[in-house]
Amino acid sequence: MRGPNRSPRIAALCVLGKRAHLTSINKPRAKLLLAAAQAIAADPEWHGLDALLLPGAFFRASAYLGSKKHPARLKLLAKEGFVPAVREAVALLAEASPGSLVVFGADSASPRRWEFGDQLCIAVGADGIAGLARKVIPADQDTIHCKRVFVPALADYASPHRFVTLPSGHKAALCSCFDMFGICHDPAMLKQRGSPIRDLWLPNGQCPRVEKPGFKPLREQALREWQMLLEEQRPTLSLAAIHAFKQPGRDGYWQRHGLAVASAALRGGLAIGAAHFEAKLPRPDQSTLAAMNVPASVVTEGPKRGPHRAQPLAAKTIQAGSQAALLRLYGAE
């Protein structure tokens, strides 16, 4: 595989409002996506883009993927109503940014009352779905045994389908929200961050829980396979479709311990996220959800590590009907 031929250029769209809970939001969100793509295509400063990154649950999917194999997942996703708008956005970007991807989050509901559905990060290019990641590193609140829990699938910890090669030659790891915290290249840290894995879908359809004998070895296997996958694929940047923050300034934990650590683990590579902000949008220089050129020593600095916040090269506000967003461009000067 060819190596990088230039610095990466990523546009990230942060959206005012809440994540998509119903499919009825998909049409307004499609208009917002197309407005962002049109704004990028019309401005030469934004050309030569590698990807346009959108938040987690930007769209609501109808189908539940669960532990289905990759070909079956692709067939289900191809039927989703938001696909035509994503393909149109890809075509708009391609005019001045050939090969660029649209990367977005989509959640779905599970047919089981006790389970949350999918949390996905999907990359779409000119030829269709180029990459697909189902969440593997849940947050604690995702899996505490209450009315519903999120259940990762064991096979996804070794899935190469979450990696995409960008026009710049960089390889990106697709992260569904908290997956970014799994990019740390520190076995002890990964074990701690993997402790919220309390359920697992197995290939045979069984779903053991943390209280059952034999679960902890399964969790250790999953994290070991995840670590091996990162070592084999050797991504140079990471893209996270983050669900939401209440308001700007509430992202400090994510910035320090998610994005900064990921950049350090990627040898200073770009780690970037896009999210919903429920109360108001940040200023362009605020809550940037980006880190780059972070030294490797940051991985071992512990809770006192700094934010290492990367600033955007450019920014725009995007409005489409009732939908509003902040679009920011990241990369090297």
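Calculation criteria
Residues numbered from 1 in each chain as written. Predicted model: local features only at pLDDT ≥ 70, side-chain atom pairs only at ≥ 80, totals over all residues. Heavy atoms only, no water. Helix = DSSP H or I, 4+ residues; strand = E, 2+ residues; numbered from the N terminus. Rg over C-alpha atoms; globule rule 2.2 N^0.38 Å. Buried < 20%, exposed > 50% of the residue type's maximum accessible area, 1.4 Å probe, protein only. Contact = heavy atoms within 4.5 Å. Expected span 1.5 Å × (residues − 1). Pairing = 2+ DSSP bridges. Right-handed = clockwise from strand over helix to strand, strands pointing away.

(A) Geometry of the overall build of the protein chain. The helix and strand inventory of the protein chain stands at 7 helices and 13 strands. On C-alpha atoms alone, the protein chain measures out to a radius of gyration of 18 Å, which is about the 20 Å that the 2.2 N^0.38 rule sets for 333 residues. In terms of overall dimensions, the protein chain has a C-alpha envelope of 60 × 45 × 40 Å along the principal axes. Counting across all 333 residues of the protein chain, residues that qualify as buried make up 59%. Of all intrachain contacts in the protein chain linking residues separated by at least 6 positions in sequence, the fraction that spans at least 24 positions is 74%.

(B) Quick peek at helix α7 (residues 252-265). The end-to-end C-alpha separation of α7 is 19 Å, in line with the 20 Å expected for 14 residues at 1.5 Å each. Of all the 14 residues making up α7, 12 are buried; the element is thus mostly covered by neighbouring parts of the structure. The complete set of buried residues in α7 reads Gly252, Trp254, Gln255, His257, Gly258, Leu259, Ala260, Val261, Ala262, Ser263, Ala264 and Ala265. As for α7, its buried residues are in contact with α5 (187-193), β9 (237-245), β10 (271-277) and β11 (290-291).

(C) Up close: the pairing of β10. Of all the 7 residues making up β10, 7 are buried; the element is thus mostly covered by neighbouring parts of the structure. As judged from the 2 bridges shared by strand β1 (residues 9-16) and β10, these two strands associate in the parallel manner. Note on β10: the bridge partner recorded for Leu16 is Phe277. By the bridge criterion, 6 bridges tie β9 to β10 in an arrangement that is parallel. Counterpart to Phe245 in the pairing with β10 is Phe277. Taking the sense of rotation as the criterion, the β-α-β connection linking β9, α7 and β10 turns out right-handed. Sheet topology places β10 next to β11; 2 bridges connect them, and they run antiparallel. Each residue of the ladder has a partner; that of Ile272, found in β11, is Ala290.

(D) Looking closely at unusual backbone geometry. Although it is not a glycine, Arg267 sits at a positive phi angle of roughly 60°. Inspection of the secondary structure puts Arg267 in the loop between α7 and β10. Classification of Arg267 by relative accessible area gives exposed; the value is 62%.

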